[in-house]
Amino acid sequence: MKKLSLISFVVFLAGAMFFTSCETDPIGTGNENSILPDRFSVDIPDAISQDISSKKSVAIDTMKGNNIYEHLTFFIHVGEEAAEIVESIIWSIKVYDIDRIKTLTYESDDDGRIKNLVVEAAPEFEDRLWDYGLTITDAESEGNDDGGKAIQIFWNENPREGISLLKPYNIDRRSDGDILDAMFRIDYSEAGEMGYDAHMIVSITDLPSIDPLLEPFAMNAMKMFVGKKGDFVDVYGNSSHPNAKLLTATTGYNWAFVASGEDNRDVAAAEVGLPLSTLDATGRTVLLEEYSIKNVFTGEVKAVWPNASDDLIEAWLTNTEAPGFFDGNGFVQGGTAPGDEYNGVAGRLEGLSPYNPKTIANLEISFN
(Lines give C-alpha, C1' and ligand atoms only; values in the text may rest on other atoms or scores of the structure.)
Protein backbone atom coordinates (compact mmCIF):
# COMPACT_ATOMS: atom_id res chain seq x y z
CA MET A 1 0.00 0.00 0.00
CA LYS A 2 1.39 3.40 -0.98
CA LYS A 3 1.57 6.41 1.29
CA LEU A 4 0.99 10.02 0.44
CA SER A 5 1.12 13.25 2.42
CA LEU A 6 -1.07 15.84 0.72
CA ILE A 7 -1.15 19.02 2.85
CA SER A 8 -1.81 19.86 6.48
CA PHE A 9 -4.88 22.02 6.03
CA VAL A 10 -4.85 23.21 9.61
CA VAL A 11 -1.79 25.27 8.71
CA PHE A 12 -3.89 27.15 6.19
CA LEU A 13 -7.41 27.34 7.50
CA ALA A 14 -6.94 27.44 11.25
CA GLY A 15 -3.62 29.22 10.89
CA ALA A 16 -4.96 31.89 8.59
CA MET A 17 -7.94 32.64 10.76
CA PHE A 18 -5.79 32.78 13.89
CA PHE A 19 -3.39 35.14 12.11
CA THR A 20 -0.47 32.74 11.82
CA SER A 21 1.51 32.27 8.66
CA CYS A 22 1.80 29.39 6.25
CA GLU A 23 3.56 28.49 3.04
CA THR A 24 2.24 26.12 0.39
CA ASP A 25 4.77 24.74 -2.06
CA PRO A 26 3.91 22.10 -4.66
CA ILE A 27 5.27 18.67 -3.77
CA GLY A 28 5.72 15.52 -5.79
CA THR A 29 7.52 14.99 -9.10
CA GLY A 30 4.41 14.44 -11.19
CA ASN A 31 3.99 12.81 -14.58
CA GLU A 32 4.18 14.58 -17.94
CA ASN A 33 1.35 12.38 -19.24
CA SER A 34 -0.95 13.13 -16.32
CA ILE A 35 -4.50 14.07 -17.18
CA LEU A 36 -4.67 16.26 -14.07
CA PRO A 37 -4.69 20.02 -14.72
CA ASP A 38 -1.29 21.61 -14.15
CA ARG A 39 -2.73 25.03 -13.30
CA PHE A 40 -5.72 25.84 -11.13
CA SER A 41 -5.26 29.38 -9.82
CA VAL A 42 -4.63 33.01 -10.73
CA ASP A 43 -1.66 34.68 -9.07
CA ILE A 44 -2.52 37.91 -7.25
CA PRO A 45 0.00 40.77 -7.16
CA ASP A 46 1.75 41.03 -3.80
CA ALA A 47 0.62 44.63 -3.34
CA ILE A 48 -2.94 43.46 -2.55
CA SER A 49 -2.24 39.97 -1.22
CA GLN A 50 -0.08 40.16 1.88
CA ASP A 51 0.49 37.96 4.89
CA ILE A 52 0.18 40.25 7.91
CA SER A 53 -0.15 37.26 10.23
CA SER A 54 2.84 38.28 12.30
CA LYS A 55 0.95 41.40 13.39
CA LYS A 56 -1.52 41.51 16.22
CA SER A 57 -5.11 42.29 15.39
CA VAL A 58 -5.18 46.09 15.35
CA ALA A 59 -7.61 47.97 17.59
CA ILE A 60 -10.06 49.72 15.28
CA ASP A 61 -10.84 52.39 17.88
CA THR A 62 -7.87 54.32 16.49
CA MET A 63 -10.13 54.83 13.44
CA LYS A 64 -7.27 54.63 10.97
CA GLY A 65 -8.43 53.51 7.56
CA ASN A 66 -5.13 51.77 6.91
CA ASN A 67 -6.12 49.15 9.50
CA ILE A 68 -9.16 48.23 7.42
CA TYR A 69 -7.09 48.17 4.23
CA GLU A 70 -4.34 46.06 5.82
CA HIS A 71 -6.91 43.51 6.97
CA LEU A 72 -8.25 43.41 3.40
CA THR A 73 -4.88 42.43 1.94
CA PHE A 74 -4.71 39.57 4.43
CA PHE A 75 -8.21 38.32 3.62
CA ILE A 76 -7.27 38.35 -0.06
CA HIS A 77 -4.08 36.48 0.85
CA VAL A 78 -6.14 33.79 2.59
CA GLY A 79 -8.20 33.26 -0.57
CA GLU A 80 -5.10 33.05 -2.72
CA GLU A 81 -3.58 30.48 -0.35
CA ALA A 82 -6.70 28.33 -0.76
CA ALA A 83 -6.21 28.19 -4.52
CA GLU A 84 -2.51 27.44 -4.15
CA ILE A 85 -3.35 24.54 -1.85
CA VAL A 86 -5.47 23.04 -4.63
CA GLU A 87 -2.48 23.16 -6.96
CA SER A 88 -0.31 21.57 -4.26
CA ILE A 89 -2.82 18.75 -3.91
CA ILE A 90 -2.86 18.18 -7.66
CA TRP A 91 0.93 18.00 -7.75
CA SER A 92 0.88 15.61 -4.81
CA ILE A 93 -1.57 13.28 -6.51
CA LYS A 94 0.55 13.21 -9.67
CA VAL A 95 3.00 10.84 -7.98
CA TYR A 96 0.36 8.17 -8.66
CA ASP A 97 0.70 8.65 -12.43
CA ILE A 98 -2.92 9.70 -13.00
CA ASP A 99 -2.80 9.26 -16.77
CA ARG A 100 -6.02 7.28 -17.10
CA ILE A 101 -9.22 6.32 -15.28
CA LYS A 102 -8.23 4.43 -12.15
CA THR A 103 -9.03 3.53 -8.54
CA LEU A 104 -6.50 3.12 -5.77
CA THR A 105 -6.13 3.04 -2.00
CA TYR A 106 -3.34 4.58 0.05
CA GLU A 107 -2.41 5.36 3.62
CA SER A 108 -2.16 9.07 4.35
CA ASP A 109 1.04 10.31 5.94
CA ASP A 110 -0.99 13.18 7.40
CA ASP A 111 -3.23 11.17 9.73
CA GLY A 112 -2.28 7.55 9.06
CA ARG A 113 -5.80 6.73 7.85
CA ILE A 114 -6.79 4.86 4.70
CA LYS A 115 -7.95 7.03 1.80
CA ASN A 116 -9.66 5.92 -1.40
CA LEU A 117 -8.98 7.71 -4.69
CA VAL A 118 -11.19 7.38 -7.76
CA VAL A 119 -10.71 9.01 -11.16
CA GLU A 120 -13.64 8.76 -13.58
CA ALA A 121 -14.54 9.98 -17.05
CA ALA A 122 -17.53 12.15 -17.98
CA PRO A 123 -18.88 12.85 -14.46
CA GLU A 124 -21.82 15.23 -14.04
CA PHE A 125 -21.70 18.09 -11.56
CA GLU A 126 -23.99 21.11 -11.36
CA ASP A 127 -25.78 20.17 -14.59
CA ARG A 128 -22.55 19.92 -16.58
CA LEU A 129 -20.62 17.01 -17.98
CA TRP A 130 -16.88 17.25 -17.31
CA ASP A 131 -14.00 15.48 -19.02
CA TYR A 132 -12.82 13.99 -15.75
CA GLY A 133 -13.59 13.83 -12.05
CA LEU A 134 -11.45 12.87 -9.07
CA THR A 135 -12.69 12.01 -5.59
CA ILE A 136 -10.68 11.20 -2.47
CA THR A 137 -12.50 9.88 0.60
CA ASP A 138 -11.56 8.89 4.12
CA ALA A 139 -12.33 5.17 3.92
CA GLU A 140 -13.65 4.72 7.46
CA SER A 141 -15.97 7.71 7.09
CA GLU A 142 -17.69 6.81 3.85
CA GLY A 143 -20.86 5.92 5.78
CA ASN A 144 -21.13 9.44 7.22
CA ASP A 145 -23.50 12.10 5.90
CA ASP A 146 -20.68 13.71 3.92
CA GLY A 147 -19.61 10.35 2.50
CA GLY A 148 -16.17 10.83 4.02
CA LYS A 149 -15.31 13.02 1.04
CA ALA A 150 -12.10 14.98 1.37
CA ILE A 151 -11.50 16.27 -2.15
CA GLN A 152 -13.46 16.42 -5.38
CA ILE A 153 -12.12 17.92 -8.58
CA PHE A 154 -14.04 18.19 -11.85
CA TRP A 155 -12.18 19.51 -14.89
CA ASN A 156 -12.01 19.94 -18.64
CA GLU A 157 -8.74 19.81 -20.56
CA ASN A 158 -9.44 22.25 -23.41
CA PRO A 159 -10.07 24.95 -22.52
CA ARG A 160 -8.67 24.34 -19.05
CA GLU A 161 -11.41 24.83 -16.46
CA GLY A 162 -12.68 23.10 -13.37
CA ILE A 163 -14.15 23.08 -9.89
CA SER A 164 -12.49 21.74 -6.75
CA LEU A 165 -14.15 21.07 -3.39
CA LEU A 166 -12.20 20.37 -0.22
CA LYS A 167 -13.00 19.36 3.37
CA PRO A 168 -9.88 19.50 5.56
CA TYR A 169 -11.28 17.32 8.35
CA ASN A 170 -11.52 14.31 6.04
CA ILE A 171 -7.99 14.91 4.79
CA ASP A 172 -6.22 15.09 8.13
CA ARG A 173 -8.11 13.98 11.24
CA ARG A 174 -4.97 14.37 13.33
CA SER A 175 -4.49 18.10 12.80
CA ASP A 176 -7.82 19.43 11.53
CA GLY A 177 -10.19 18.26 14.26
CA ASP A 178 -10.95 21.85 15.24
CA ILE A 179 -12.30 22.68 11.78
CA LEU A 180 -14.81 19.87 11.57
CA ASP A 181 -17.23 21.53 9.12
CA ALA A 182 -14.97 23.93 7.21
CA MET A 183 -15.00 23.63 3.43
CA PHE A 184 -13.71 25.57 0.51
CA ARG A 185 -14.24 25.63 -3.21
CA ILE A 186 -12.19 26.89 -6.16
CA ASP A 187 -13.78 27.56 -9.58
CA TYR A 188 -11.12 28.05 -12.25
CA SER A 189 -11.40 28.82 -15.96
CA GLU A 190 -9.30 29.83 -18.94
CA ALA A 191 -12.33 29.79 -21.26
CA GLY A 192 -12.68 33.59 -21.23
CA GLU A 193 -16.40 33.51 -20.45
CA MET A 194 -16.14 36.42 -17.99
CA GLY A 195 -13.94 38.61 -20.16
CA TYR A 196 -10.62 37.60 -18.59
CA ASP A 197 -7.71 35.52 -19.86
CA ALA A 198 -8.17 33.39 -16.74
CA HIS A 199 -10.23 33.70 -13.59
CA MET A 200 -10.93 31.91 -10.34
CA ILE A 201 -13.61 32.17 -7.69
CA VAL A 202 -12.60 31.19 -4.17
CA SER A 203 -15.30 30.31 -1.60
CA ILE A 204 -14.69 29.36 2.05
CA THR A 205 -17.42 28.41 4.54
CA ASP A 206 -18.03 27.19 8.07
CA LEU A 207 -14.78 28.29 9.61
CA PRO A 208 -14.80 27.69 13.39
CA SER A 209 -15.98 30.29 15.87
CA ILE A 210 -13.18 32.12 17.66
CA ASP A 211 -13.48 33.93 20.98
CA PRO A 212 -14.26 37.54 19.93
CA LEU A 213 -12.05 38.77 22.78
CA LEU A 214 -9.11 37.06 21.09
CA GLU A 215 -9.87 37.75 17.42
CA PRO A 216 -12.86 40.07 17.00
CA PHE A 217 -12.29 40.34 13.25
CA ALA A 218 -11.95 36.63 12.48
CA MET A 219 -14.01 35.58 9.49
CA ASN A 220 -16.29 32.60 9.10
CA ALA A 221 -16.87 32.76 5.33
CA MET A 222 -15.68 34.50 2.19
CA LYS A 223 -16.14 34.57 -1.57
CA MET A 224 -13.64 36.21 -3.89
CA PHE A 225 -13.36 36.60 -7.66
CA VAL A 226 -9.92 37.01 -9.24
CA GLY A 227 -9.56 37.74 -12.95
CA LYS A 228 -6.39 38.31 -14.99
CA LYS A 229 -6.48 40.44 -18.14
CA GLY A 230 -3.09 41.19 -19.64
CA ASP A 231 -0.96 42.68 -16.87
CA PHE A 232 -3.95 43.55 -14.68
CA VAL A 233 -5.47 41.36 -11.98
CA ASP A 234 -8.92 42.41 -10.73
CA VAL A 235 -10.28 41.16 -7.42
CA TYR A 236 -13.69 41.58 -5.83
CA GLY A 237 -15.68 39.87 -3.13
CA ASN A 238 -16.69 39.79 0.51
CA SER A 239 -15.57 38.28 3.76
CA SER A 240 -18.00 37.80 6.67
CA HIS A 241 -16.95 38.67 10.25
CA PRO A 242 -19.78 37.83 12.66
CA ASN A 243 -18.08 39.24 15.78
CA ALA A 244 -16.56 42.39 14.29
CA LYS A 245 -17.29 45.63 16.14
CA LEU A 246 -16.05 49.17 15.64
CA LEU A 247 -17.00 51.70 18.36
CA THR A 248 -20.65 50.97 19.13
CA ALA A 249 -22.35 47.72 20.12
CA THR A 250 -23.23 47.01 16.49
CA THR A 251 -21.82 43.58 15.67
CA GLY A 252 -21.26 41.60 12.50
CA TYR A 253 -19.59 43.36 9.59
CA ASN A 254 -18.76 42.40 6.03
CA TRP A 255 -15.58 43.44 4.23
CA ALA A 256 -17.05 44.20 0.78
CA PHE A 257 -14.19 45.02 -1.55
CA VAL A 258 -12.92 45.59 -5.06
CA ALA A 259 -9.25 45.82 -5.97
CA SER A 260 -6.92 45.82 -8.94
CA GLY A 261 -3.20 45.23 -9.19
CA GLU A 262 -0.69 45.33 -12.01
CA ASP A 263 1.75 42.49 -12.61
CA ASN A 264 4.52 44.53 -14.19
CA ARG A 265 4.33 47.25 -11.52
CA ASP A 266 4.21 46.79 -7.78
CA VAL A 267 1.05 48.92 -7.43
CA ALA A 268 -2.58 48.30 -6.54
CA ALA A 269 -5.75 50.14 -5.58
CA ALA A 270 -8.81 49.03 -3.62
CA GLU A 271 -12.16 50.23 -2.32
CA VAL A 272 -13.71 48.75 0.82
CA GLY A 273 -17.24 48.96 2.17
CA LEU A 274 -18.28 47.89 5.66
CA PRO A 275 -21.94 46.84 5.46
CA LEU A 276 -23.46 44.64 8.11
CA SER A 277 -23.26 40.95 7.26
CA THR A 278 -27.06 40.79 7.30
CA LEU A 279 -27.47 43.46 4.61
CA ASP A 280 -29.39 42.16 1.60
CA ALA A 281 -28.17 44.50 -1.15
CA THR A 282 -26.08 44.59 -4.30
CA GLY A 283 -24.24 47.20 -6.35
CA ARG A 284 -21.22 49.38 -5.66
CA THR A 285 -23.36 52.47 -4.98
CA VAL A 286 -24.72 50.86 -1.81
CA LEU A 287 -21.87 48.58 -0.78
CA LEU A 288 -18.88 50.80 -1.53
CA GLU A 289 -20.27 54.33 -1.39
CA GLU A 290 -23.13 54.34 1.13
CA TYR A 291 -21.18 51.93 3.34
CA SER A 292 -17.73 53.33 2.58
CA ILE A 293 -15.11 53.19 5.33
CA LYS A 294 -15.41 56.93 5.89
CA ASN A 295 -19.22 56.96 6.09
CA VAL A 296 -19.37 54.00 8.47
CA PHE A 297 -16.61 55.35 10.72
CA THR A 298 -18.20 58.81 10.75
CA GLY A 299 -21.50 57.31 11.89
CA GLU A 300 -19.77 55.30 14.61
CA VAL A 301 -17.85 58.30 15.94
CA LYS A 302 -20.92 60.56 16.01
CA ALA A 303 -22.95 57.86 17.78
CA VAL A 304 -20.39 57.69 20.59
CA TRP A 305 -19.29 61.35 20.66
CA PRO A 306 -22.23 63.37 19.24
CA ASN A 307 -20.66 66.68 20.26
CA ALA A 308 -17.29 66.06 18.62
CA SER A 309 -16.22 68.84 16.26
CA ASP A 310 -15.86 68.25 12.55
CA ASP A 311 -12.13 68.99 12.77
CA LEU A 312 -11.67 66.37 15.49
CA ILE A 313 -13.68 63.80 13.55
CA GLU A 314 -11.63 64.49 10.43
CA ALA A 315 -8.43 63.97 12.42
CA TRP A 316 -9.72 60.63 13.67
CA LEU A 317 -10.65 59.46 10.18
CA THR A 318 -7.09 59.17 8.90
CA ASN A 319 -6.81 57.36 5.58
CA THR A 320 -10.49 56.43 5.39
CA GLU A 321 -10.95 57.98 1.95
CA ALA A 322 -11.37 55.74 -1.09
CA PRO A 323 -9.61 54.31 -2.89
CA GLY A 324 -6.74 52.94 -0.86
CA PHE A 325 -3.38 52.65 -2.62
CA PHE A 326 -0.76 49.94 -2.11
CA ASP A 327 2.76 49.05 -3.13
CA GLY A 328 4.99 46.08 -2.40
CA ASN A 329 5.31 47.13 1.23
CA GLY A 330 1.56 47.32 1.81
CA PHE A 331 -0.86 50.19 2.31
CA VAL A 332 0.44 53.62 1.25
CA GLN A 333 -2.44 56.08 1.63
CA GLY A 334 -6.11 56.67 1.01
CA GLY A 335 -7.90 59.10 -1.29
CA THR A 336 -5.19 60.60 -3.49
CA ALA A 337 -2.97 58.46 -5.71
CA PRO A 338 0.72 58.62 -4.76
CA GLY A 339 1.66 58.96 -8.44
CA ASP A 340 0.64 58.49 -12.06
CA GLU A 341 1.71 54.84 -11.96
CA TYR A 342 -1.53 54.12 -10.08
CA ASN A 343 -3.82 55.50 -12.80
CA GLY A 344 -4.29 52.14 -14.50
CA VAL A 345 -5.35 50.16 -11.43
CA ALA A 346 -7.49 52.98 -10.04
CA GLY A 347 -9.36 53.28 -13.32
CA ARG A 348 -10.40 49.63 -13.25
CA LEU A 349 -12.22 49.84 -9.91
CA GLU A 350 -15.34 51.51 -11.30
CA GLY A 351 -16.20 48.39 -13.27
CA LEU A 352 -16.07 46.09 -10.24
CA SER A 353 -18.64 45.37 -7.51
CA PRO A 354 -18.73 43.02 -4.49
CA TYR A 355 -21.30 40.28 -3.84
CA ASN A 356 -24.44 40.60 -1.73
CA PRO A 357 -23.25 40.52 1.94
CA LYS A 358 -26.18 38.38 3.13
CA THR A 359 -25.41 35.67 0.57
CA ILE A 360 -21.84 35.45 1.87
CA ALA A 361 -22.97 35.19 5.49
CA ASN A 362 -25.23 32.30 4.43
CA LEU A 363 -22.85 30.74 1.93
CA GLU A 364 -22.89 26.93 1.61
CA ILE A 365 -20.56 24.48 -0.11
CA SER A 366 -21.41 20.83 -0.67
CA PHE A 367 -19.89 17.84 -2.44
CA ASN A 368 -21.41 16.13 -5.45
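Structure: above.
The rules behind these values
Residues numbered from 1 in each chain as written. Predicted model: local features only at pLDDT ≥ 70, side-chain atom pairs only at ≥ 80, totals over all residues. Heavy atoms only, no water. Phe/Tyr/Trp six-rings, centres within 6.5 Å; stacked < 30°, edge-to-face > 60°. Helix = DSSP H or I, 4+ residues; strand = E, 2+ residues; numbered from the N terminus. Buried < 20%, exposed > 50% of the residue type's maximum accessible area, 1.4 Å probe, protein only. Lys NZ or Arg CZ within 6 Å of the ring centre and 35° of its normal. Core = buried A, V, L, I, M, F, W, Y, C linked by side-chain atoms within 4.5 Å. Contact = heavy atoms within 4.5 Å. Salt bridge = Lys/Arg side-chain N within 4 Å of Asp/Glu carboxyl O. Polar contact = N/O pair within 3.5 Å; in protein donor to acceptor, adjacent residues only side chain to side chain. Pairing = 2+ DSSP bridges.

Participant: Summarise the packing of aromatic side chains; cite the residues concerned and give the values.
Facilitator: Scanning all chains against the criterion turns up twelve aromatic pairs. Consider the rings of Tyr-236 and Tyr-355, whose centres lie 5.6 Å apart with planes at 55°: the pair is tilted. With Tyr-236 in strand β12 (residues 232-241) and Tyr-355 in the loop between α6 (343-348) and α7 (357-361), the pair connects residues that are 119 residues apart, well separated along the chain. Tyr-355 shares its class with Tyr-236; the two are buried. Between the aromatic rings of Phe-326 and Phe-331, the centroid separation amounts to 5.7 Å while the plane-to-plane angle is 70°, which identifies the pairing as edge-to-face. By relative accessible area, which is 1% here, Phe-326 ends up buried. Exposure remark for Phe-331: the relative accessible area of 16% places this residue in the buried category. We note Lys-223 situated over the ring of Tyr-355; from NZ or CZ to the ring centre the distance is 4.7 Å.

Participant: Describe the nonpolar core, naming the residues involved and giving the relevant values.
Facilitator: Ranked by internal contacts, the top residues of the largest apolar core, which has 69 residues, are Met-224, Val-235, Val-272 and Leu-274. If you tally residues by element for this core, the top one is helix α2 (residues 65-93), at 13 residues. With residues up to four places along the chain from it excluded, the contact list for Leu-274 reads Ile-68, Leu-246, Tyr-253, Asn-254, Trp-255, Leu-287, Tyr-291, Ile-293, Val-296 and Phe-297.

Participant: Let's hear about the pattern of salt bridges: which residues, and what values?
Facilitator: When charged atoms on two side chains of opposite charge get close, those side chains can pair. A full pass over the atoms with the stated rule returns 16 salt bridges. In this structure, Arg-173 and Asp-138 form a salt bridge, with 3.8 Å as the shortest nitrogen-oxygen distance. A residue pair is termed long-range when its members are at least 10 positions apart, and Arg-173 in the loop between β8 (161-166) and β9 (183-189) and Asp-138 in strand β6 (residues 132-138) qualify at 35 residues. Judged by its relative accessible area of 0%, Asp-138 is buried. Salt-bridge contacts for Lys-167 lead to Asp-146; the nearest nitrogen and oxygen are separated by 2.8 Å. On the criterion of sequence distance, the pair formed by Lys-167 in the loop between β8 and β9 and Asp-146 in the loop between β6 and β7 (149-156) is long-range, its members being 21 residues apart.

Participant: So what about unusual backbone geometry? Which residues, and what values?
Facilitator: Pro-159 follows Asn-158 through a cis peptide bond whose omega is 0°. Residues Ala-322 and Pro-323 are joined by a peptide bond in cis, for which omega reads -5°. Turning to its location among the elements, Pro-323 is positioned in the loop between α5 (310-316) and β15 (324-327). The phi angle at Ala-122 is positive, at roughly 55°, despite the residue not being glycine. With respect to the helices and strands, the residue Ala-122 is situated in the loop between β3 (114-121) and β4 (124-125). A positive phi angle, near 60°, is found at Asn-319, a position not held by glycine. Its place among the elements puts Asn-319 in the loop between α5 and β15.

Participant: Hey, could you go over the environment of Gln-333 for me, with residue numbers and the actual values?
Facilitator: Looking at where Gln-333 falls in the secondary structure, it is placed in strand β16 (residues 330-334). Counting along the chain gives 268 residues from Gln-333 to Gly-65, while the straight-line C-alpha distance between them is 8.8 Å. In contact with Gln-333, other than residues within four places in its own chain, are Asn-319, Pro-323, Gly-324, Phe-325 and Pro-338. Side-chain polar atoms of Gln-333 contact the backbone oxygen of Thr-336, separated by 2.6 Å.

Participant: Let's hear about the pairing of β8: which residues, and what values?
Facilitator: β8 sits mainly inside the fold: six of its six residues count as buried. A two-sided burial pattern is seen for β8, the buried positions comprising Glu-161, Ile-163 and Leu-165 on one face and Gly-162, Ser-164 and Leu-166 on the other. Sheet topology places β7 next to β8; six bridges connect them, and they run antiparallel. By the bridge assignment, Ile-151 is partnered in β8 with Leu-166. Counting the residues between successive antiparallel strands, the hairpin from β7 to β8 contains four residues. Relative to β9, β8 runs antiparallel, the two sharing six bridges. Pairing of Gly-162 across the sheet is with Tyr-188, part of β9.

Participant: Just give me the short version of the environment of Asn-243, but keep the residues and values in it.
Facilitator: Looking at the element boundaries, Asn-243 is found in the loop between β12 and β13 (253-262). Note: C-alpha distance between Asn-243 and Ser-209 (34 residues apart in sequence) is 9.2 Å. Apart from residues no more than four positions distant in its own chain, Asn-243 is found in contact with Ile-210, Pro-212, Pro-216 and Thr-251.

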